[in-house]
Amino acid sequence: MIKQDECIFCKIAKKEIPVEVIFETENFICFPDADPVVKGHSLIITKKHFMNIMELPSDLGKELINVIKKLGEIKLKECFSGFNLIMNNFPEAGQIVMHAHIHLLPRKKGDGVKVLG
Ligand code: AMP
Ligand code: ZN
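Residues numbered from 1 in each chain as written. Chains lettered and ligands numbered in written order. Predicted model: local features only at pLDDT ≥ 70, side-chain atom pairs only at ≥ 80, totals over all residues. Heavy atoms only, no water.

Draft legend 1. How the structure looks around the environment of Ile-17. If you trace the backbone, Ile-17 turns up in the loop between α1 (8-13) and β1 (23-24). Filtering out sequence-adjacent residues up to four positions away, Ile-17 remains in contact with Ile-8, Lys-11 and Ile-12. (Helix = DSSP H or I, 4+ residues; strand = E, 2+ residues; numbered from the N terminus. Contact = heavy atoms within 4.5 Å.)

Draft legend 2. Expanded view of the nonpolar core. Formed by 14 residues in total, the largest nonpolar core has its most connected members in Phe-28, Cys-30, Ile-44, Leu-64, Val-67 and Leu-71. Those elements that provide at least two residues to this core are β2 (28-32), α2 (61-77) and β5 (101-107). For this core, the element with the most residues is α2, which contributes 4 residues. Beyond its immediate stretch of four places on either side in the chain, Leu-71 contacts Ile-22, Phe-23, Cys-30, Ser-42, Ile-44 and Leu-104. The next biggest cluster of nonpolar side chains, apart from the first, holds 9 residues, and it includes Phe-9, Ile-12, Ala-13 and Ile-45. (Core = buried A, V, L, I, M, F, W, Y, C linked by side-chain atoms within 4.5 Å. Buried < 20%, exposed > 50% of the residue type's maximum accessible area, 1.4 Å probe, protein only.)

Structural data, given as structure tokens:
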């Protein structure tokens, strides 16, 4: 188990590592992914350390939905017309940073990106 004082997303949440914050709420921060797989690829992280969705308290659900919708709205007001949400949970599913986060991948017609379907 990774120690929280070594967790890169905890350091971002504590502002020890600077990121370009898109917006933040009481329990979440949104910022651009450092290694974007598509233009505008952004992350939503919890401010507190939870390993993944299995540790995330259910009572944060409403705030999280609102954060997702607000970030989606921001991207839709830019030059995008859709977005995918991806959450990798556990290493077997591709989770590298063991701190709960959701990827938002902005999309536009004919972008050639393949995410499922
Ligand atoms: P995963 O754990 O596979 O869901 O993905 C972790 C994501 O965090 C990757 O897309 C990384 O590019 C991203 N990432 C790691 N460190 C940073 C950082 N310091 N700032 C922004 N994004 C990061
Ligand atoms: Zn953490």
